[in-house]
Amino acid sequence: MKRLRSKILMIAGAVLIIVSAALGAYNRIMEKRGNEGAETIRTELEQIMEEHTDSIKGGSIRIGDDDYIGILEIPKINVKLPISRDWSYELMKESLCRYRGNLESKNMIICGHNMSGFFGELSEVYDGDEVYYTDVTGKVTRLVVVDTEYIDGYDVGSMLENNHNWDMTLFTCNYTGKMRYGVRCVIADGIE
Amino acid sequence: MKKLLIKYFSILTVFIMVLGTFQIPVKADDKNATIRVVLSELKDKMSIENREVSLYKIASFTNYKEREYKAVPEFAEMVDRLDFSTFKKTATLDNSNKLFEYITKHKISAVKTLKSDSEGIADFGEVDYGIYLVVTEASDKYTVNPFIIEAPLCDGVYAQYDVIAYPKAKASNTPDNPPDNPPDNPPDTPVGPKLPQTGVQRLPVLILFISGVTLLVLGYADYRRKGKMYEKTS
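A.B. asks: So what's going on with the overall build of chain B? Residues and values would help.
C.D. replies: Of regular secondary structure, chain B possesses five helices and 13 strands. Taken over 234 residues, chain B has a buried fraction of 33%. Once local pairs closer than 6 in sequence are excluded, the contacts in chain B between residues at least 24 apart make up 71%.

What follows is the structure in structure tokens.
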């Protein structure tokens, strides 16, 4: 009876370890599914872009119920993912999402999950690194990273603020989820 | 005594850490929804002040998570003809234009009209849960297309109660689709006061694991200590 407290503590500890293992496994499964889903969408996008079929309407291509505006490639971290036209938590599971703006107006913001295969290694992208954006017409725009910064999750204003010093921003959560790591890029034409 | 205090403090810390990893669901009806519109010029990001912004209530949410809504009587006839099944299908330019035409034709009054302040902000404050159309007064300089907004903005999982819209204000003489810019620029999804949560749940895994190991070690130490005490007394 006197050892009841010890047993309760050990059982509680074991339960927490099991829960953490289950949550870790769930994260892994979601990452795997996300990467597989993104790969399927990207392949289909590339095929439609190559064939120039009627699926290309305006600036996007419809796959299933969702519209995609292009593909983003960051060679340094081996990322090549489709970008959906709108953002929602559901869409973010299998693609990057256009948060706001567009490249023509030089105010495009793209967000992505920090899971591996997505923007998990975005914090390793620094000034001078290259980013390639391919729109649905197949036009490839080369961008160069000019700035990186951490922005508070509630500081929407700082994320959107653009005094003509960036053309595209990529962002994802940091490890705790409280901050966003933002990568500011400019179109490479005219830089070199 | 000191050891006992350390032990209880450790247990308390572990439980606080564990509790901190769980998100406590907020009872929806306890939260008020607000709408704020921020007007700025598309290219130069200049705030557009002193512009009339009107809010029209189209429908009330009876259960926003399940997208159950009831049209406001004035709009009932029109809402039946529109697809409001998802936010994406609701907030289209086509739906917004149809509703705007309907308002003009039937001379329906706005539930609230405000003028944007020096920072281009029209803050409607607390609003009933529902689907709204925002109409901005046109001028010879700038045009803002009418747009649909929802409060709260919910994707079925997460809800944003403080909804902030940043509509695009174009120079009035700019055609919608300039010929030298073939890909049309899609409308932006309204943003809330928080940037999207783009992180997978990694931190809770670590916290739960550390907490679990701590409890296990404490429990084992306690078990051993009591075992020794029992041996001494016998």
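A.B. asks: Outline the overall build of chain A, listing residues and values.
C.D. replies: Counting secondary structure elements, chain A contains two helices and 10 strands. Among the 192 residues that make up chain A, the fraction classed as buried is 41%. Across chain A, contacts joining residues at least 24 apart in sequence account for 51% of those joining residues at least 6 apart.

A.B. asks: Lay out the interface of chain B and chain A in plain terms, naming residues and giving numbers.
C.D. replies: In this complex, chain B contributes 41 residues to the contact, which on the side of chain A involves 51 residues. Here the side of chain B that touches chain A takes 16 residues from helix α5 (residues 203-233) of chain B, the largest share from any one element. Of the residues in the side of chain B that touches chain A, the class split is 22 nonpolar, 10 polar and nine charged.

A.B. asks: Please give an account of the nonpolar core that cites residues and values.
C.D. replies: With 44 residues, the main nonpolar core has A:Leu72, A:Ile83, A:Cys97, A:Ile110 and A:Met168 as its most contacted residues. Considering every element that reaches this core, the biggest residue donor is strand β3 (residues 66-74) of chain A, with five residues. Look past the residues within four positions of A:Ile110 in its chain and what remains in contact with it is A:Leu72, A:Ile83, A:Leu96, A:Cys97, A:Arg98, A:Tyr99, A:Met168 and A:Leu170. Membership of the second largest hydrophobic core comes to 42 residues, among which are B:Ala33, B:Ala122, B:Val163 and B:Ala165.

A.B. asks: Could you give an account of helix α4 (residues 93-106) of chain B, with specific residues and numbers?
C.D. replies: Residue and element names in this part refer to chain B. The end-to-end C-alpha distance of α4, which contains 14 residues, comes to 20 Å, matching closely the 20 Å that a straight helix rising 1.5 Å per residue would cover. All of the buried residues along α4 are Asn-95, Ser-96, Leu-99, Tyr-102 and Ile-103. Here the buried residues of α4 occupy an arc of 125 degrees about the axis, which is enough to place them on one side. Counted as exposed and oriented over 90 degrees from the buried face of α4: Asp-94, Glu-101, Thr-104 and Lys-105. In the core, the buried residues of α4 are packed alongside β3 (52-63), α2 (76-79), α3 (87-90), β7 (130-136) and β9 (147-151).

A.B. asks: I'd like a rundown of the sheet that holds strand β6 (residues 121-127) of chain B, residues and numbers included.
C.D. replies: Two orientations exist for strands paired in a sheet by backbone hydrogen bonds: parallel and antiparallel. Residues and elements named next belong to chain B. Taken in spatial order, the three strands of this open sheet run β6-β1-β12, and their pairing is mixed. The strands lining the two open edges of the sheet, one partner per strand, are β6 and β12 (162-165). Sheet twist, expressed as the average angle between the axes of neighbouring strands with direction ignored, equals 15 degrees.

A.B. asks: Just give me the short version of the environment of B:Ser139, but keep the residues and values in it.
C.D. replies: Inspection of the secondary structure assignment puts B:Ser139 in the loop between β7 and β8 (142-144). Between the C-alpha atom of B:Ser139 and that of B:Arg51, which follows or precedes it by 88 residues, the distance is 8.5 Å.

A.B. asks: Explain the pairing of strand β5 (residues 96-100) of chain A residue by residue, including any values.
C.D. replies: Residue and element names in this part refer to chain A. Burial analysis of β5 places five of its five residues in the buried class, which makes it a mostly covered element. Looking at chain direction, strand β4 (residues 79-84) and β5 are connected through two bridges and run parallel. Among the inter-strand pairings, Ser-84 is bridged to a residue of β5, identified as Cys-97. Here three bridges tie β5 to strand β6 (residues 108-111), and the two strands are oriented antiparallel to one another. Bridge assignment links Cys-97 to a residue of β6, and that residue is Cys-111.

A.B. asks: Can you break down unusual backbone geometry residue by residue, with the values?
C.D. replies: Residues and elements named next belong to chain B. Following Ala-151, the chain continues to Pro-152 via a peptide bond in cis, the omega torsion being -5 degrees. Looking at where Pro-152 falls in the secondary structure, it is placed in the loop between β9 and β10 (153-154). In the Ramachandran plot, Asn-50 falls in the positive-phi region, its phi being about 55 degrees despite a non-glycine side chain. Here Asn-50 shows up in the loop between β2 (40-41) and β3.

A.B. asks: Just give me the short version of the environment of B:Tyr142, but keep the residues and values in it.
C.D. replies: All names here are of chain B. The topology assignment puts Tyr-142 in strand β8. Classification of Tyr-142 by C-beta neighbours within 10 Å gives buried; the count is 21. When the C-alpha atoms of Tyr-142 and Ile-48 are compared, they prove to be 8.6 Å apart, with 94 residues separating the residues in sequence.

A.B. asks: Break down the pairing of β9(B) for me, with residues and values.
C.D. replies: For β9(B), a buried count of five out of five residues is recorded, marking the element as mostly surrounded by other parts of the structure. Burial along β9(B) is two-sided: the residues B:Phe147, B:Ile149 and B:Ala151 and B:Ile148 and B:Glu150 are all buried.

Rules and cut-offs
- Residues numbered from 1 in each chain as written.
- Chains lettered and ligands numbered in written order.
- Predicted model: local features only at pLDDT ≥ 70, side-chain atom pairs only at ≥ 80, totals over all residues.
- Helix = DSSP H or I, 4+ residues; strand = E, 2+ residues; numbered from the N terminus.
- Buried ≥ 20, exposed ≤ 12 C-beta atoms within 10 Å, placed from the backbone.
- Contact = placed C-beta atoms within 7 Å.
- Nonpolar A, V, L, I, M, F, W, Y, C, P; charged D, E, K, R; others polar.
- Core = buried A, V, L, I, M, F, W, Y, C linked by C-beta atoms within 7 Å.
- Expected span 1.5 Å × (residues − 1).
- Arc of directions from axis to C-beta.
- Pairing = 2+ DSSP bridges.
- Axes fitted to C-alpha atoms, helices over the stretch in contact; angles between N-to-C directions.

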